[in-house]
Amino acid sequence: MRYQLKQIGCRPWTLSGLSLQLMESHYENNYGGALRRLNAITEQLGSMDFEKTPGHVLNGLKRDQLTALNSTLLHELFFSSLGGDGTQTSKGIAEVLARDFGSLEKWRAEFRAMGYALGGGSGWVLLTYVPRDGRLINQFASEHSQAIASGVPILALDMYEHAYHIDFGANARAYVDAFFRNLDWPALEQRYEDAAKVPGPRPLIQPEFDGIPGIAVEEVKEMMAAGKPVQVLDVRPRHFVSRQQDIADGIEWRDPEQLQQWIGELDKSEPVVVYCAYGFHIGCKTAIKLRDAGFDARYMNSGHSGWKAIGHAIKRYG
Ligand SMILES: [Fe+2]
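Residues numbered from 1 in each chain as written. Predicted model: local features only at pLDDT ≥ 70, side-chain atom pairs only at ≥ 80, totals over all residues.

A. Focus on the sheet that holds strand 7 (residues 252-253). Overall, parallel pairing links the 5 strands, which are arranged 4-9-8-5-7 in an open sheet. Pairing within the sheet leaves two strands with one partner each, and these edge strands are strand 4 (214-215) and strand 7. Sheet topology places strand 5 (residues 231-234) next to strand 7; 2 bridges connect them, and they run parallel. Across the sheet, the residue bridging to Asp 234 is Trp 253, located in strand 7. (Pairing = 2+ DSSP bridges. Helix = DSSP H or I, 4+ residues; strand = E, 2+ residues; numbered from the N terminus.)

B. Representation of the environment of Gly 303 within the structure. Structurally, Gly 303 is set in helix 12 (residues 303-309). In the structure, Gly 303 is positioned 90 residues away from Pro 213 in sequence and 14 Å away in space, judged by C-alpha atoms. Dropping the residues within four chain positions of it, Gly 303 is found in contact with Tyr 275, Cys 276, Ala 277, Tyr 278, Gly 279 and Gly 283. (Contact = placed C-beta atoms within 7 Å.)

C. Expanded view of the pairing of strand 5. Of the strand pairs in this sheet, strand 5 and strand 8 (residues 272-275) are connected by 4 bridges, and their pairing is parallel. Within strand 8, the position partnered with Gln 231 by the bridge is Val 272.

D. Local environment of the sheet that holds strand 1 (residues 124-130). Spatially, 2-1-3 is the arrangement adopted by the 3 strands of the open sheet, whose pairing is antiparallel. Each having just a single partner strand, strand 2 (135-141) and strand 3 (152-158) make up the two edges of the open sheet. Direction aside, the axes of adjacent strands within the sheet are offset by 20 degrees on average. As paired strands, strand 1 and strand 3 are joined by 6 bridges and run antiparallel to one another. Directly across from Thr 128, in strand 3, lies its bridge partner Pro 153. (Axes fitted to C-alpha atoms, helices over the stretch in contact; angles between N-to-C directions.)

E. Main features of the packing of helix 3 (residues 91-101) against helix 7 (residues 185-195). Axis separation between helix 3 and helix 7 bottoms out at 9 Å; the angle between their running directions is 65 degrees. Considering only the axes of helix 3 and helix 7, their crossing is left-handed. Mapping the contact onto sequence places Gly 92, Ile 93 and Val 96 in helix 3 and Trp 185, Leu 188, Glu 189 and Tyr 192 in helix 7. Looking at the contact of helix 3 with helix 7 residue by residue, the classes come out as 5 nonpolar, 1 polar and 1 charged. (Left-handed = near helix turned anticlockwise from the far one by under 90°. Nonpolar A, V, L, I, M, F, W, Y, C, P; charged D, E, K, R; others polar.)

Here's what the structure looks like:
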């Protein structure tokens, strides 16, 4: 396969304070260079006999391919980030940035400071949408290859020297300021709208327990810390408890096989949360039994391992 060249994403003659010479050199030599490398490497990989290729040769080529592909993609986004008049007028993107960064100005201050901080160094500053959490984050991407997994970058500032040296010499700050003066806000907002349609990773589905309410381990921890009324019980199977030999601090263990012996200890006026080792069958089944008995019971997803994964205090048990 050959990667196709994309037209430059902004009209270079309209830019303020970024010369035609700079933009042409950037597009033709650096973007074009990345694309040419990408195609050459991809072609080389296509003709390789992987059974006979030494590991270090394959390692080097795959690393170079990643760098060239990311450089190609980020340069395309960089050119598309420019071409506006730097004026932010739309409410939509301002509200999104305020949601994720506190305010539009806070977002801009962080992004700009990250650009300044790369002056004299090299790398990308990206505004990236993370579908898992439905949020934006500013990130560095050095070596063209540290983009967030599953992230969708929607704004790119190129901080490699070739992006500004012709016009600004070592004055990287003036270049970052020029980037903001030329920022195309309407295009940024459209890219955000596209990115926000990307679904997050599919959740774990337990069809047999559909309709049984679960609760996140963080929420349970917050309820307990806030002193809210909640009865939390560890109902791991006995053999799990004896193998793992630990228990979340402040939580009692009850044998899920002996539910009838301890159900009388529970108070129906307060919610109950039960959990097993990882959040699968035993916790869910116990929650069902408790609900059938008239309790407001939920299972805690991620279970005992979840407690440990969020750093809840653990003590020895058994
Ligand atoms: Fe560049």
